Amino acid sequence: MSAKTKQQSRTYVDRRHDDRVRYAYFARYMMVRYFVIAFFFANFFWLLVSYSVNSELGMILAAVAVAWCTVSVIEQLSKLHNKQADVPRTRQYLIFQLVLNLLLSVCLFTPLKSMIYPFAINKSDVLALLCILLLGMVAAFAALVRIHNIFLGRDKYLPLIRNAEKSRALDQE
């Protein structure tokens, strides 16, 4: 094998190692990303429904949630090029979503319900909304726990990342 071919092969192996480590860091946040995207579409749907029934308070709350969620999505995409363990904007958004869902759940049983959810006419509508909000709270809490575990280095991907980095160091020797 010529020196040039060996160099090309070495470059290919180096790139493959770099990609494996980069994608492993990115995969650490997979569950968080899925939950954030689900929140984005749920809040966007809420915005559209609020617009269609002229619920100004609902539109404002949903628009704020969609905007903040968009910032979180952008931060999640930056994880492909960033190895930092913390995602402060996503964490803040998830806390916001958790508190918002809690407050909206309480509002289902107050006179504010007609301003936020004018389409919730009967008890089955209220119950369905309550289930969705509770499910959202569970998802936000699970994502916050996942972020906390990643920050502390207690996630299942960290050993894989360390092995990939170690194998590259061994290949270079």
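The rules behind each value
- Residues numbered from 1 in each chain as written.
- Predicted model: local features only at pLDDT ≥ 70, side-chain atom pairs only at ≥ 80, totals over all residues.
- Heavy atoms only, no water.
- Axes fitted to C-alpha atoms, helices over the stretch in contact; angles between N-to-C directions.
- Helix = DSSP H or I, 4+ residues; strand = E, 2+ residues; numbered from the N terminus.
- Parallel < 35°, antiparallel > 145°, perpendicular 65-115°, else oblique.
- Left-handed = near helix turned anticlockwise from the far one by under 90°.
- Contact = heavy atoms within 4.5 Å.
- Nonpolar A, V, L, I, M, F, W, Y, C, P; charged D, E, K, R; others polar.
- Patch = residues over 30% accessible without salt bridge, like charges linked within 9 Å, V, L, I, M, F, W, Y side chains within 5 Å.
- Areas by Shrake-Rupley, 256 points an atom, 1.4 Å probe, with all protein chains shown as cover.
- Salt bridge = Lys/Arg side-chain N within 4 Å of Asp/Glu carboxyl O.
- Buried < 20%, exposed > 50% of the residue type's maximum accessible area, 1.4 Å probe, protein only.
- Expected span 1.5 Å × (residues − 1).

Trainee: Explain the packing of helix H3 (residues 56-78) against helix H4 (residues 88-107) residue by residue, including any values.
Mentor: Taken N-terminus to C-terminus, the directions of H3 and H4 make an angle of 155°; their axes are 8 Å apart at the nearest point. Taken together, the axes of H3 and H4 lie roughly antiparallel to each other. The way H3 lies across H4 gives a crossing that is left-handed. Facing H3, whose interface residues are Leu-61, Val-64, Ala-65, Trp-68, Cys-69, Val-71, Ser-72, Glu-75 and Gln-76, H4 presents Pro-88, Arg-89, Thr-90, Gln-92, Tyr-93, Phe-96, Gln-97, Leu-100 and Leu-104. Looking at the contact of H3 with H4, its residues break down into eleven nonpolar, five polar and two charged.

Trainee: Tell me what's going on with a nonpolar patch on the surface, and back it up with residues and numbers.
Mentor: Taken together, the side chains of Ile-95, Val-99 and Leu-103 make up a nonpolar region of the molecular surface, amounting to roughly 260 Å² of accessible area. Here Ile-95 lies in helix H4. According to the relative accessible area criterion, Ile-95 is partly exposed, its value standing at 44%.

Trainee: Which residues make up helix H2 (residues 30-52), and what are the values?
Mentor: For H2, which comprises 23 residues, the first-to-last C-alpha distance of 33 Å matches the rise-based estimate of 33 Å (1.5 Å per residue) to within 8%. Immediately beyond the C-terminal end of H2, within one or two residues, lies Asn-54, with a positive phi of roughly 55°.

Functional significance is not addressed by these values, which are geometric in nature.
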